[in-house]
Amino acid sequence: MSDKASFKILRGTKQEVKFEQYETPVSEGMVVLDAVHQIQAEQAPDLACRWNCKAGKCGSCSAEINGIPRLMCMTRLADLPLHKPVSVEPIKAFPLIKDLATDVSWNFHVKKKIKPFKPRPPDTADGTWRIWQEDIDRVQEFRKCIECFLCQDVCHVLREHQKHDEFIGPRFLVHVAGLEMHPLDTEDRLEELKKAYGIGFCNITKCCTTVCPEEIAITDNAIIPLKERVVDQFYDPLAMLLRKLKK
Amino acid sequence: MVDYQKFEYDVLVIGAGGAGLRAAIEASAGGASVGMICKCLLGKAHTVMAEGGIAAALGNVDDRDNWKVHFSDTMRGGQYVNNWRMAEIHAKEAPERVRELEAWGAVFDRTKDGRILQRNFGGHKYPRLVHVGDRTGLEMLRTLQDYGIHQGIEVHMECTVIRLLKDSDGSRVCGVVVYDREKGRFQVFQSKAVILATGGIGQAYEITSNSWDCTGDGHSLAYEAGAELIDMEFIQFHPTGMVWPPSVKGILVTEGVRGEGGILLNSEGRRFMFDEIPDNYKHQTADNPEEGWRYTQGDKEARRPPELLTRDHTARCIVREIKEGRGSPHGGVYLDIAWIKEKIANSEEHIKRKLPSMYHQFKQLAGIDITKEPMEVGPTTHYIMGGIHVDADSQMSNVPGLFACGECAAGINGANRLGGNSLSDLLVLGKRAGEYAAKFAGENSLDGLDEAQIEAAAEMALEPFGRNDDPQKGAENPYSIQSDLQKLMQHNVGIVRKEGEMQHALEELERLGERAGRVHVAGNREFNPGWHTALDLTHLLTISEAIARSALDRKESRGAHFREDFPEKNTDFGQCNHITVKGPDGKMRVHSKPIQEMPEELKAVIKEMG
């Protein structure tokens, strides 16, 4: 590995952005976040970026590195071509605040609108439930989500088409799947999935699955089964007929 | 006049980790209007990093477990300088707090009969840690977050408290001054009660498992407001942090690896943990590898392997091996879980299922497959047992209206915390803090704000922008001071301590304080990490001084505090806590305070448990 590497970091606010180039020493095992920190400490003290755990567990340091949405703390320089500058940009599906920090508050508003967990009454007198491990393996996969919002970033419904008012995005479809498939949950969110959550906008291009740092099979395990439930509920001709007859 | 936006709440919670969220939920349930301030985005707090589990004596895996065993384990682990009342409350209430999490949607790993599964951990006599693989903290934080957002709590994200406000006669806390990260504007929150839940101090050290935000804000804000800090010398160095590559040094490797059968080896391939077993744990510890293995696999007749001795002891054994030249190539020792392939078929799958984040972490950051080869590990600054002195039942400090819970509060852990007790502590005592703060708010009215205090806080915060910016004329960069402070504390007030080094640290801290007075911040107030680092320095300097002074005064070795010049325990010191306060002259004072005698019934419990 060379001793120094160059980084092209997108800097600025909503009003004006431009790439600034920095050179910084590289040491063994270094990740992109280390480089950003070094640049911050030595050359650009007001360079804005978010980070917390630096171990891929909090999902704060999402960025686009050489155009690919990734966590800066889990991207090793050794895995990047260093003969040319490494470009580091903020995620694009949300408004820019400054440099690498974006306004992700929309995500927090969306989550609040999703119907919360509603458990069935406890199974036993001591107020507890009996749940089998095989019944929660899938839900546990969804609950690995660290809310880095990289899936939201690459989802073309949000990124290109800006359907933030009609579609909750892959992160929250995973969240809904985690609730819907929770063995204790009794709430019904199918009507919302179809309308307010806009699941129909997803045309399963699987971009979200590709970028998920937790390797959650977002499309196959969360979105498609939810789509099937919506179809069963609202578009199954036999079920529709039965419903009509009942009326 | 300083410009600020104003908010009013009955109860204001500072910090949105596990403790803050649990407190906020309870305060809201108690009828209070609740505001919550967090330095980061919601759900990013350091609680997500907790891996191993929540300690609660549910007795699901071993029905011999109950609150009495948990209480005795906690006291033994803390070397009996714990607040026994807190340890009692904690052991009694933890199971209920865990069951509550399940009712709020948490999905814990299960036993074969469908109940909550529990795992072994250091210092716990029976399998006690409720967990989800090795990402328990995330599960807990997300559950509290997702439940909390529907409880009418108003969350103010990316806001940093710079000062606690006192009422006109200086007795009660009545609000806080905040700056918001995005725009750098000031905000004033007026409230009847304030709960500090700001977490730890790991960023005072060079090698740490802690996030950037663990800068001891709560400790320092409380100290400035006249609250007592207690036992600041007790800092836990987790025995197993990553040591290679350099950029990941300090990142935590969960104790769960050892709970699942992982063993510690030196460069000679020797399981060195068998070489020294403390007397008070001898009867509980296996004396051969076979028995140790059987324990990790649930054999009730077997005693625990020495790898699962308390963290203070394990960390020191590792340091001994490294110092005596039996360390690994990058200055650690080996932690091996891959060896279990000798014992179980399909061990690779088993390890990946039990320790998925560890597998991931080593694979991605170090290029090591832990199912096939050993990890290199060494001690990392992890947790502070000391902190804000609070009442055991109510979690209120000596300053009326000021409550604290979670890592920034102290008492329950004594000289050393058992793994898993922090997650249960923040649930149990966080809940109590919320409950009593809401009660306090119900009995008190909003106090008037003192504009002069607000003005002074804002002025202090903005000072670094106006200072001389020429390094030739002494202008300082906040990042270099922070890094110098971290090195100073690492080398002089670390795992092994002695008087001369700590004296040196105190002198150097004074010098760093002078340098901090010359910090210049470049750029403007909008989302400026340089400015933020400059403000953090005040807290880091205060808590570092408190740690060094307290450590200097404890002339014995106990739990996580090890003095090379006083290597033994001392009965007199074992009967007191160290209190740190700001003296009337503005200088820091440390004095000792006798520990209240334990009531007979608790003494009997400890005796009964051996």
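Keep in mind the model is a prediction, meaning the values are calculated, not measured.

Cut-offs and rules
- Residues numbered from 1 in each chain as written.
- Chains lettered and ligands numbered in written order.
- Predicted model: local features only at pLDDT ≥ 70, side-chain atom pairs only at ≥ 80, totals over all residues.
- Heavy atoms only, no water.
- Helix = DSSP H or I, 4+ residues; strand = E, 2+ residues; numbered from the N terminus.
- Expected span 1.5 Å × (residues − 1).
- Buried < 20%, exposed > 50% of the residue type's maximum accessible area, 1.4 Å probe, protein only.
- Phe/Tyr/Trp six-rings, centres within 6.5 Å; stacked < 30°, edge-to-face > 60°.
- Lys NZ or Arg CZ within 6 Å of the ring centre and 35° of its normal.
- Pairing = 2+ DSSP bridges.
- Axes fitted to C-alpha atoms, helices over the stretch in contact; angles between N-to-C directions.
- Parallel < 35°, antiparallel > 145°, perpendicular 65-115°, else oblique.
- Contact = heavy atoms within 4.5 Å.
- Nonpolar A, V, L, I, M, F, W, Y, C, P; charged D, E, K, R; others polar.
- Core = buried A, V, L, I, M, F, W, Y, C linked by side-chain atoms within 4.5 Å.
- Domains from an automatic or database assignment.
- Buried area = accessible area lost by both parts, 1.4 Å probe.
- Salt bridge = Lys/Arg side-chain N within 4 Å of Asp/Glu carboxyl O.
- Polar contact = N/O pair within 3.5 Å; in protein donor to acceptor, adjacent residues only side chain to side chain.
- Patch = residues over 30% accessible without salt bridge, like charges linked within 9 Å, V, L, I, M, F, W, Y side chains within 5 Å.
- Areas by Shrake-Rupley, 256 points an atom, 1.4 Å probe, with all protein chains shown as cover.

Brief notes about helix α4 (residues 136–148) of chain B
Consideration 1: For α4 of chain B, which comprises 13 residues, the first-to-last C-alpha distance of 18 Å matches the rise-based estimate of 18 Å (1.5 Å per residue) to within 8%.
Consideration 2: With twelve of 13 residues buried, α4 of chain B lies mostly within the body of the structure.

Here's the deal with the packing of aromatic side chains
Consideration 1: Summed over the entire model, instances satisfying the criterion amount to twelve aromatic pairs over all chains.
Consideration 2: Taken together, the ring pairs connect Phe7, Tyr9 and Phe189 of chain B into an aromatic cluster.
Consideration 3: Above the plane of the ring of phenylalanine 149 of chain A lies lysine 44 of chain B, whose end atom (NZ or CZ) is 5.7 Å from the centre.
Consideration 4: Above the plane of the ring of tyrosine 383 of chain B lies arginine 417 of chain B, whose end atom (NZ or CZ) is 4.0 Å from the centre.

A few points about the sheet that holds strand β5 (residues 129–130) of chain B
Residues and elements named next belong to chain B.
Consideration 1: As summarised here, the arrangement of the three strands in space is β3-β5-β4, forming an open sheet in which the pairing is antiparallel. With one partner strand each, in any of the chains shown, β3 (54–55) and β4 (118–119) form the two edges of the open sheet.
Consideration 2: Sheet topology places β3 next to β5; two bridges connect them, and they run antiparallel. The partner of alanine 55 across the bridge, within β5, is leucine 129.

What about the packing of helix α5 (residues 217–224) of chain B against helix α16 (residues 529–553) of chain B?
Residue and element names in this part refer to chain B.
Consideration 1: Contact geometry for α5 and α16: axes closest at 8 Å, N-to-C directions at 80°. By the angle class used here, α5 and α16 are roughly perpendicular. Contact residues: α5 offers Asp217, His219, Ser220, Leu221, Tyr223 and Glu224, while α16 offers Asp536, His539, Thr542 and Ile543.
Consideration 2: Among the residues forming the contact of α5 with α16, the class breakdown is three nonpolar, four polar and three charged.

Considerations on the nonpolar core
It is characteristic of soluble globular proteins that their nonpolar side chains tend to be buried jointly.
Consideration 1: Residues Met72 of chain A together with Val11 and Val176 of chain B are the most contacted members of the largest nonpolar core, which totals 247 residues.
Consideration 2: Ranked by residues supplied to this core, first place goes to α16 of chain B with twelve residues.
Consideration 3: Excluding its chain neighbours within four sequence positions, the residues that come into contact with methionine 72 of chain A are Val31, Val32, Leu33, Val36, Cys49, Cys61, Ala63, Ile65, Val88 and Leu100 of chain A.
Consideration 4: Core analysis: the second largest hydrophobic core is formed by twelve residues, Val69, Phe71, Ala91 and Val605 of chain B among them.

Comments concerning the domain arrangement of chain A
Residues and elements named next belong to chain A.
Consideration 1: Taken domain by domain, chain A holds domain 1 (4–102) and domain 2 (105–238).
Consideration 2: Domain 1 and domain 2 are separated by 30 Å when their C-alpha centres are compared.
Consideration 3: Approximately 1100 Å² of surface area, both sides summed, lies buried where domain 1 meets domain 2, with 61% of it carried by carbon and sulfur atoms.
Consideration 4: The largest share of the area that domain 1 buries against domain 2 comes from Pro69, Ala93 and Phe94, three residues that together contribute 48% of it.
Consideration 5: Scanning the region where domain 1 abuts domain 2 turns up one salt bridge.

Structural notes on the interface of chain B and chain A
Consideration 1: The interface of chain B with chain A comprises 60 residues on the first partner and 57 residues on the second.
Consideration 2: Buried area between chain B and chain A, both sides added, is near 4900 Å², and the carbon and sulfur share of it is 56%.
Consideration 3: Three residues stand out in chain B for area buried against chain A, namely Lys44, Val107 and Phe527 of chain B, and they jointly supply 12% of the buried area on that side.
Consideration 4: For the pair chain B and chain A, the interface holds five salt bridges.
Consideration 5: Residues aspartate 146 of chain B and lysine 111 of chain A are paired through a salt bridge, measuring 2.6 Å at the closest nitrogen-oxygen approach.
Consideration 6: In this assembly, chain B and chain A are joined by 34 residue pairs in polar contact (both at pLDDT 80 or more).
Consideration 7: A per-element tally of the side of chain B that touches chain A places helix α11 (residues 356–366) of chain B first, with seven residues.

A word on the domain arrangement of chain B
Residue and element names in this part refer to chain B.
Consideration 1: Each domain of chain B was delimited in the assignment, giving domain 1 (4–234 + 385–443), domain 2 (244–380) and domain 3 (463–576).
Consideration 2: Of the residues lining the interface, five residues belong to domain 2; the matching set on domain 3 comes to six residues.
Consideration 3: Contact with domain 3 buries area across many residues of domain 2, yet Asp312, Arg316 and Val319 alone supply 69% of it, more than any other trio.
Consideration 4: Joining domain 2 to domain 3, the criterion identifies zero salt bridges.
Consideration 5: Between the two partners, domain 2 and domain 3, sit one residue pair in polar contact (both at pLDDT 80 or more).
Consideration 6: If one sorts the elements of the side of domain 2 that touches domain 3 by residue count, helix α9 (residues 311–323) sits on top with four residues.
Consideration 7: The residue inventory of the side of domain 2 that touches domain 3, partitioned by class, reads two nonpolar, no polar and three charged.

Overview of the pairing of strand β21 (residues 588–594) of chain B
Residue and element names in this part refer to chain B.
Consideration 1: Bridge count between strand β20 (residues 576–582) and β21: seven bridges; the pairing is antiparallel. Each residue of the ladder has a partner; that of valine 581, found in β21, is arginine 589.
Consideration 2: Hairpin connection of β20 to β21: five residues between the antiparallel strands, including glycine 586 at a positive phi of 85°.

Here's the deal with a nonpolar patch on the surface
Residue and element names in this part refer to chain A.
Consideration 1: On the surface, Leu238, Leu241, Leu242 and Leu245 cluster together into a nonpolar patch covering about 450 Å² of accessible area.
Consideration 2: Following the sequence through the fold, leucine 238 ends up in helix α10 (residues 237–246).
Consideration 3: When its relative accessible area of 58% is taken as the criterion, leucine 238 is described as exposed.

Considering the sheet that holds strand β14 (residues 375–384) of chain B
Residue and element names in this part refer to chain B.
Consideration 1: Across the sheet, which stays open at both edges, the four strands sit in the order β11-β14-β13-β12 with antiparallel pairing between neighbours. Because the sheet does not close on itself, it has two edges, and the strands there are β11 (235–242) and β12 (263–265). Taken pair by pair, the neighbouring strands of this sheet meet at an average axis angle of 45°, ignoring direction.
Consideration 2: Relative to β14, β11 runs antiparallel, the two sharing six bridges. Looking at β14, one finds that glutamine 236 is bridged to tyrosine 383.

Quick look at unusual backbone geometry
For residues besides glycine, phi is generally negative; the peptide bonds are generally trans as well.
Consideration 1: Cis geometry is adopted by the peptide bond preceding proline 245 of chain B, which originates at tryptophan 244 of chain B and carries an omega value of -5°.
Consideration 2: Phi at isoleucine 204 of chain A is positive, roughly 40°, even though this residue is not glycine.
Consideration 3: In this fold, isoleucine 204 of chain A is placed in the loop between α7 (190–194) and α8 (207–211).
Consideration 4: A positive phi angle, close to 55°, is found at glutamine 79 of chain B, a residue other than glycine.
Consideration 5: Counting through the fold element by element, glutamine 79 of chain B comes out in the loop between α2 (67–77) and α3 (84–103).
Consideration 6: According to the relative accessible area criterion, glutamine 79 of chain B is buried, its value standing at 12%.

A look at the environment of leucine 426 of chain B
Residue and element names in this part refer to chain B.
Consideration 1: Secondary-structure assignment places leucine 426 in helix α12 (residues 421–443).
Consideration 2: What makes leucine 426 buried here is its relative accessible area of 9%.
Consideration 3: Residues leucine 426 and alanine 19, 407 residues apart in the sequence, show an inter-C-alpha distance of 4.5 Å.
Consideration 4: Aside from chain neighbours lying at most four places away, what touches leucine 426 is Gly18, Ala19, Arg22, Met140, Gly406 and Lys431.

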